[in-house]
Amino acid sequence: MTFTIYFIHHSHTDIGYTEYQEKVERNQVAYIRHAIRILDRIHADKPRWKGFIWQCECWWAVEKFLESATALEQEKFWHYVETGEIGLSANYLNMTELIDGEILAKFLKRAGICAAEKGIKVPSAMTADINGYSWGYGDALAEAGVENLLSFVHTHHGRYPLFQKQKPFWWQTPSGKEILVWLGDHYQVGNELGASQLAAVEYTCWEDGLGALEQGDSEKAVRRIFNYVDTLKNQGDSIDFTVVGLSGYLTDNACPSPLTVEFMEKFNREYGNEICLKLVTLDEFFARLREEDKKNPFPKYAGDWTDWWADGVGSTPVHVQHFREAQRDVHLGKLLQKKGIDVNNQLLEAAQSDLMLYAEHTWGHSESVTHPYDPGVARLDLRKGLYAQRANESASRALLLAGENCGTSPFLYGQGEPEFFMINPHDEPVEDTAFFDLEEIPREPIDVVDAESGTPVLFQTGPGPRGLRVYIQAKLEPGEEKAFRIRKKERRLGPTAGMRTSCGADRVCDIWSEIKKKDSIVSPWRIENDWVRIIFEEEKGVAEIYDKNREMSLLREDRPYAPFTPIYEHTPVPDGNQCRVRKNMGRNRKSMATGRYPGKLTDVQILETGELFDQVKLTWELEGAKACFVLLTVYRKMPKIDVNLQLHKECVQDPENLYLALPFTGGKEDTCWIEKTGCALRPRIDQLPGSCADFYLVQNGVWYTGEKGTVLVNMPDTPLITLGELKCHPILLAGENQKNSDILYSWVMNNFWETNFKVDLGGFHQYNYSILSLPDKEQERIRKLSDRINTGVFSGQRFLLS
């Protein structure tokens, strides 16, 4: 029986890995034009190239081509799509899990919508050079009409799931739909097999001992192809065909090449009765695969296909922070539109396009580690960050204009009275805190009142960046708007000296018998109010967080570090070879030589006390940082703690990691949940067997649900988390006795990759978290609450002229 190797001839789209981003765009457009020219020649005077097929890897490249193509070029393109000589893929770009489910689903539909105008369906999608997808990606594909997914997995610092590659299976989505998947090998195995007849380094085929291919070495190519087929059969492959990726030459963003057809035609003449080589489109390959499934049904698996390369976002934490802010603002803008508020849709669309480009999987130039001084490397990094900044600007402008439509105005000094408003754009009630800045600091005490009823409301003041910051806490029904105004408050005198005082003349309150008389205790050793008790200890940090309402500790007993402890890791490079040290880390992101340095608490200072919250500042001595602080804002009327990590990071070229310990628990036998793109899931349970189980990229946050309720950890700025052991260890995969509820760390930043991660993590950083203790145990309500907290309410300032 003849064994067939199908080849997908494509250009791997890596925006900013080989060239700066706009040049990659123009090259990808040129490659589609070149494929059309090749096909024109085949049908005119080059019959020996017959059988050439070009597969467009991403819809983004097609979109850019169609934007600039002439009418004749567009006509030819669609003609060759209809004849099956050019293939389409519904996948917009090779994405990370940074992008949220709503935006991802929208862009996955673009190929089908455009092709439908020509009467063409796009039932297949392919990805290359990424190691996984959020489980919700499957639903987004299905909603876009995609039935088939070809995944060319790249196992450098990564791995394929299901403990086997070159394997078909049905991927069951969270909603119960099914996508037919081919779990493939590296996207240029076809080049290593010799099909391009150009030089090819050994990358995935190194174990056969044949060595790298030289240009035109057809003899070695034949030996490797036969050995490849024998290897598949010896390892249990029962299907008489497989599929591999092929580029014009072995590099990313490579051009089409008709030389591939010349080699295959020659090979098939000599060996076609044993092995047949054939170029195909995605749709042609999956048609064959579905016929095979009818004869021998493929296995079905449900769960998250956890991405091994999610950690790239940790090398640019500042840009990611701005990206996530922009994505939240877009989400807020869409919610406001649903409530009938006019929000500039053109700006929201522009923001979403830039968000997609930033969340694309390429994280820097290929020489970022070896040539960190090169201006070209810096330019690519700045270009990448520009997508996040443009998205942030567009989303910000959209909300500013929405605010103007709600009557907002700048501060009009001395000309009237400011009015502050909060709008709940969500479909659920919200209790939230908003702040407003006053550049003019009132000379007299103030009250904040409800603008409609004149009733005083809870508020608190504190220092702002340019004056006074006023915090207001309010409960809002779905769609409700509340407005607030400032009123002068009658000054009430406190005690003048007298027989007893709460503190000494130094104004330091450290007498315990006096401290504990207060409604809320705020000291360097303890914060306690109606709902929580927090204990601080020298050097150790936070020793206890106890929820008095739920009568339980919120901290794990097996925690190796106190909550909010920063942990710095550094791996030395004694011989100066930055690449070799990083490469040898494999899937650990560290080595046995890695030094681990938990922060040492050196001070606790009280910053704020008031009606709404109390705030303390923890000062840490931390290796790798010139300064490190954690601000804890403990709310009095809500079971919530805001956490603010401030860091002055030193610049270090060696591999680094920085974590923040978050060892929370929902109680005995609790369950850990995370929200990823398009769905919530239980890590290490709702996963494909054999997938990554060490770290994850989350959207809004993580929560632990136990017998008495839930602890929710929201992460608006830093999406990476690690579960379990920080030390270098043998890797256990999903399904290999990993426990679901494990110790949580925020993985704040890293620079471990040896090629394209940004090396320099130095500078000033500030990242936010929030912790909520809830009696609720219903997962969908908690997921929605997490989203509402991160998205927030829409607030602004109007000015009422005198």
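Coordinates for the structure precede this section.
Residues numbered from 1 in each chain as written. Predicted model: local features only at pLDDT ≥ 70, side-chain atom pairs only at ≥ 80, totals over all residues. Heavy atoms only, no water.

(A) Summary view of helix α10 (residues 282-295). With 14 residues, α10 should reach 20 Å at 1.5 Å per residue; the first-to-last C-alpha distance of 20 Å fits that figure. Within α10 the residues assigned to the buried category are Leu282, Phe285, Phe286, Leu289, Glu292 and Asp293. One side of α10 holds all its buried residues, which, seen down the axis, span an arc of 110°. In α10, those exposed residues whose orientation departs by more than 90 degrees from the buried face are Lys294 and Lys295. (Helix = DSSP H or I, 4+ residues; strand = E, 2+ residues; numbered from the N terminus. Expected span 1.5 Å × (residues − 1). Buried < 20%, exposed > 50% of the residue type's maximum accessible area, 1.4 Å probe, protein only. Arc of directions from axis to C-beta.)

(B) Up close: the nonpolar core. With 191 residues, the main nonpolar core has Ile5, Phe77, Trp171, Ile545, Phe564, Leu618 and Phe664 as its most contacted residues. Ignoring sequence-local partners within four residues, the contact set of phenylalanine 564 consists of Val542, Ile545, Trp620, Val630, Leu632, Val643, Leu660, Ala661, Leu662, Phe664 and Ile771. (Core = buried A, V, L, I, M, F, W, Y, C linked by side-chain atoms within 4.5 Å. Contact = heavy atoms within 4.5 Å.)

(C) Highlighting the sheet that holds strand β22 (residues 566-570). Read across the sheet, six strands follow the order β23-β22-β28-β35-β34-β31 without closing on themselves; strand pairing throughout is antiparallel. At either end of the open sheet lies a strand with only one pairing partner, and these are β23 (595-598) and β31 (695-697). On average, adjacent strands in this sheet sit at an angle of 30° to one another, irrespective of strand direction. Pairing analysis gives three bridges linking β31 to strand β34 (residues 720-723), with the strands arranged antiparallel. Paired with phenylalanine 695 across the two strands is threonine 722, which belongs to β34. (Pairing = 2+ DSSP bridges. Axes fitted to C-alpha atoms, helices over the stretch in contact; angles between N-to-C directions.)

(D) Seen up close, the layout of surface pockets. Approximately 1000 Å³ is the volume attributed to the second largest pocket. The wall of the second largest pocket is formed by 34 residues, among which Lys165, Asp185, Thr204, Trp206 and Glu207 lie closest to the centre. Of all the elements, helix α8 (residues 218-234) adds the most residues to the lining of the second largest pocket, at five residues. Broken down by class, the residue content of the lining of the second largest pocket amounts to ten nonpolar, 14 polar and ten charged. (1 Å grid on protein atoms, 1.4 Å probe; cavity = no way out; pocket = protein on both sides within 12 Å on 5 of 7 lines; lining within 4 Å. Points joined across faces, edges and corners; volume = space filled by probe spheres on them. Nonpolar A, V, L, I, M, F, W, Y, C, P; charged D, E, K, R; others polar.)

(E) Local environment of the packing of helix α1 (residues 21-44) against helix α2 (residues 59-68). Two elements in contact, α1 and α2, have axes whose closest approach is 9 Å; the angle formed by their N-to-C orientations is 80°. Judged on the interaxial angle alone, α2 and α1 are roughly perpendicular. Where α1 abuts α2, its residues Glu25, Arg26, Gln28, Val29, Ile32, Arg33 and Ile36 lie against Trp60, Ala61, Val62, Lys64, Phe65 and Ser68. Each residue belonging to the contact of α1 with α2 can be placed in one class, and the counts come to seven nonpolar, two polar and four charged. (Parallel < 35°, antiparallel > 145°, perpendicular 65-115°, else oblique.)

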